[in-house]
Amino acid sequence: MYYDPSTLSNINEIQTSHIGLNLRVDFEHKILDGSVTLRLITIADNVNKVILDTKSLIIKSVSQDGKQLKFNLNNEIDCFGATGLHIELEKPLATGTKFELEISYNTTIQGTAIQWLEPSQTVGKKHPYLFTQCQEIHARSLLPCQDTPCFKITYSANIQVPHPLRALMSAISVGEEEINDDKSKLYKFEQKVKIPSYLIALAVGNLAGKEIGPRSTVWSEPEVVQDAAWEFEDTEKFIAIGEKLLTPYEWKKYDLLVLPASFPFGGMENPCLTFITPALIAGDRSLVDVVAHEVAHSWTGNLVTAANWEHFWLNEGWTIGGCYRFGEDNPLTALQPVLKGIDPDDAFSRVSYEKGYNFLYHIQQVVGGPEFFEPYMKAHIEEFAGKSIITDDWKNFLYSFMEKTFGSAKKDALDKIDWNGWLHSPGMPPLKNEFDQTLSEECNKLAERWNLARNNENFKEFSPADIEKFTTLQKMAFLDRLLEFPPFPHSSIVAMDKAYNFTTVRNVEVCYRWQKVCLLAEYEPMFPHVVKFVTQQGRMKYVRPLYRMLKNTKKGSDLAKKTFTENKSFYHPIAATMIERDIF
């Protein structure tokens, strides 16, 4: 039995094996118009219907072998798409029956997967742009499908776009041709490695590419491509490290697409074409760790996939190396939360990343260190490549591998882990791992000095030399430590900025943390800088906390609401929905 509380599809009767898309991009009406062909197989007996996930789609017709089928679509919308698209089959089908459905449809502007950008919202200011974001359950507003990671599919696509724009997808390009007297171009794609529905991705815009490695091209608007190529030229090194630790890279291409500033995440691991925010172009390669994170997803997340969003940590815990948005007792802070009736977007937080990483690190220590854990990591990928798994699958194989490879002592060691505490209890992990604190000691000491000096009349003891040799990570750690103290007096804020020039820094991670320090202190001269920051890039990691903090200041609530209202169209629909919930 398959289980996914976030899908409405009849996943225990029907399984999709392949999706074929034929779509025309219509920027004038902001829709994708065309059809999808679903290759299906019955996995139960006497199946007389197909139920698909849909949200904000207009379904025109459904056919099987050229014959029109009856269908019903409830237009009532919730985060899951109400009751789904119900399609009546001509006759009941026996187990193992293969068949195809062709569905003619178009998307709507209300869909949450696609952001349509006006030329003014791009760098070049001349051409429109669109991009999709299907994680977690937004593929259903891009196409009617079984929008669940419990099944994996291959897909192909023909995408017609107006000249001179280019289409890119999370797949391999297999051709392009001019049509309609050179007014349009047809781009063709194939993804032969099986993926979950949330990894289907499309971008269309005025795009240029520059090769940065033997299997990597960086794509962006032409105005950005040179800077992006320089910033991310070490991408091949990250792929090579993954292959050394795990298994050969299976996706042929690893391209990067630098999106417009409204992209709501740091990166999205779409296979063959990772989407990344332009905010990572810091000019000093200090933020390329995000690319390393997305490369790691080529194995954990894309090749081995969590079977539903309750097990999301299986995708994210391996890819990172705190504090949570929710309260300590919120059940969503469990590593394996129960999501029945809950929008997975509402459950998204750092829990899967930080708590997941700490859990895996703890297990590594318990079994004896990297020399025992790294062989297991490789075996994990080999065992589950191409599959969707739940936490019990992962745990059972961990036990099996450790006992068979290294003996019963490892099983005994694993038995001592507080499995319930780690997986099912809310709040912080049941124990605190010990990490090397060498680099953070100087940051902590400097933060302590500022805390002790908070009531000083002058701050002559502080100077630019304090952080002259700090790496970007150390500057981030210093500012994070400041946030743990009570709000600083405005005199301290002024002195700190005079010494370190944080207000004018280009690096978004440093800028973000400095603005949080200032907002906590209700330092009003920082308000215009916060407004500028949250309206120039749309990464939710930054904009949601800053909007919340600005709203919670005595004189910033109206400004936060006014800023969002005036700039709502700038944000991706996913981000806009979440920010609106945060501040209204």
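The model shown is predicted, which means the values in this text are computed figures rather than measured ones. (Residues numbered from 1 in each chain as written. Predicted model: local features only at pLDDT ≥ 70, side-chain atom pairs only at ≥ 80, totals over all residues. Heavy atoms only, no water.)

A. Representation of helix α9 (residues 408-415). Every buried residue of α9 is listed here: K410, A413 and L414. One face of α9 carries all of its buried residues, which in axial projection span an arc of 100 degrees. Residues of α9 that are buried sit in contact with α6 (351-367), α7 (370-384), α8 (391-406) and α10 (419-423). (Buried < 20%, exposed > 50% of the residue type's maximum accessible area, 1.4 Å probe, protein only. Helix = DSSP H or I, 4+ residues; strand = E, 2+ residues; numbered from the N terminus. Arc of directions from axis to C-beta. Contact = heavy atoms within 4.5 Å.)

B. Main features of the pattern of salt bridges. Per the stated rule, a full pass over the model turns up 32 salt bridges. In this structure, E100 engages R39 in a salt bridge whose closest nitrogen and oxygen atoms are separated by 3.5 Å. Taken together, the residues span a long stretch of sequence, with E100 in strand β8 (residues 98-107) and R39 in strand β2 (residues 31-42) at a distance of 61 residues. For E100, a relative accessible area of 38% translates into the label partly exposed. You can call R39 partly exposed: its relative accessible area is 41%. Through salt bridges with shared partners, a single network forms among D480, E509, R513, R539 and K541. (Salt bridge = Lys/Arg side-chain N within 4 Å of Asp/Glu carboxyl O.)

C. Molecular detail of the UniProt feature "binding site: Zn(2+)" (unreviewed entry) in the protein chain. The positions UniProt marks with the feature "binding site: Zn(2+)" (unreviewed entry) are H293, H297 and E316. Taken along the chain, the residues just named run across 24 residues; in space they keep tight, none of their C-alpha pairs more than 9.0 Å apart. On the secondary structure map, H293 appears in helix α3 (residues 289-296). In this structure H293 comes out as buried when scored by relative accessible area, which is 14%. Each residue touching H293, except ones within four places of it in the same chain, is listed here: E316, T319 and Y353. Its location among the elements puts E316 in helix α4 (residues 313-316). With near-sequence residues (within four places) excluded, E316 lies in contact with E269, H293, H297, S352 and Y353. At 3.3 Å, the side chain of E316 forms a polar contact with the side chain of H293. (UniProt positions renumbered as here; feature names shortened; annotations may be inferred. Polar contact = N/O pair within 3.5 Å; in protein donor to acceptor, adjacent residues only side chain to side chain.)

D. How the structure looks around the side chain of T277. Relative to the elements of secondary structure, T277 occurs in the loop between β20 (273-276) and α3. The contact partners of T277, leaving out residues within four places of it in the chain, are V258, F263, F265, G266 and R539.

E. Region of the structure containing empty space enclosed by the protein. Within this model, the largest cavity holds a volume of roughly 140 Å³. What lines the largest cavity is a set of 16 residues, among which W309, F312, P337, A347 and S352 lie closest to the centre. Only α5 (344-347) and α6 provide two or more residues apiece to the lining of the largest cavity. Residue classes in the lining of the largest cavity are distributed as 12 nonpolar, two polar and two charged. (1 Å grid on protein atoms, 1.4 Å probe; cavity = no way out; pocket = protein on both sides within 12 Å on 5 of 7 lines; lining within 4 Å. Points joined across faces, edges and corners; volume = space filled by probe spheres on them. Nonpolar A, V, L, I, M, F, W, Y, C, P; charged D, E, K, R; others polar.)

F. A look at the layout of surface pockets. Roughly 830 Å³ of internal volume is contained in the second largest pocket. Along its surface, the second largest pocket is lined by 33 residues, and A261, A279, V508, Q536 and Q537 are the ones closest to its centre. Mapped by element, the contributors of at least two residues to the lining of the second largest pocket are α14 (508-520) and α15 (527-536). For the lining of the second largest pocket, the leading source of residues is α15, giving four residues. For the lining of the second largest pocket, the per-class residue count stands at 17 nonpolar, 10 polar and six charged.

G. Quick look at the environment of P271. As for its placement among the helices and strands, P271 is situated in the loop between β19 (267-268) and β20. We classify P271 as buried; its relative accessible area is 3%. Apart from the residues lying within four places of it in its own chain, the contact partners of P271 are S170, A171, Q191, I195, L199, W251 and N302.

H. Representation of the pairing of strand β13 (residues 172-179) in the model. Two strands pair when backbone bridges link them, and β13 and strand β14 (residues 184-195) are joined in this way by seven bridges, in the antiparallel orientation. Within β14, the position partnered with E178 by the bridge is K185. Here β13 folds back onto β14 in antiparallel fashion, the turn holding four residues, of which N180 has a positive phi close to 55 degrees. (Pairing = 2+ DSSP bridges.)

I. Fine view of the packing of aromatic side chains. Per the counting criterion, the structure on display carries 44 aromatic pairs. When the centroid spacing of 4.8 Å and the interplanar angle of 75 degrees are considered together, the rings of Y2 and F151 count as edge-to-face. Within this pair, whereas Y2 is found in the segment before β1 (14-26), its partner F151 is found in the loop between β10 (129-132) and β11 (153-162), the two being separated by 149 residues in sequence. Of the residues examined, F151 reaches a relative accessible area of 4% and is grouped as buried. Three or more aromatic residues link up through ring pairs in this structure, and these residues are W318, F372, F373, Y376, F384, F397, F401 and F406. Above the face of the W419 ring, K395 is positioned so that its terminal group lies 4.5 Å from the ring centre. Of note, R454 hangs over the ring of F488, and the distance from its end group to the ring centre comes to 4.4 Å. (Phe/Tyr/Trp six-rings, centres within 6.5 Å; stacked < 30°, edge-to-face > 60°. Lys NZ or Arg CZ within 6 Å of the ring centre and 35° of its normal.)

J. Looking closely at the sheet that holds strand β12 (residues 166-169). As summarised here, the arrangement of the four strands in space is β9-β10-β15-β12, forming an open sheet in which the pairing is antiparallel. Of all strands in the sheet, those with a lone pairing partner are β9 (114-117) and β12, marking the two edges. Pairs of neighbouring strands in the sheet enclose a mean axial angle of 15 degrees, with direction left out of account. Direction of pairing for β10 relative to strand β15 (residues 202-205): antiparallel, over a ladder of two bridges. For L130, the partnering residue across the bridge sits in β15 and is V204. (Axes fitted to C-alpha atoms, helices over the stretch in contact; angles between N-to-C directions.)

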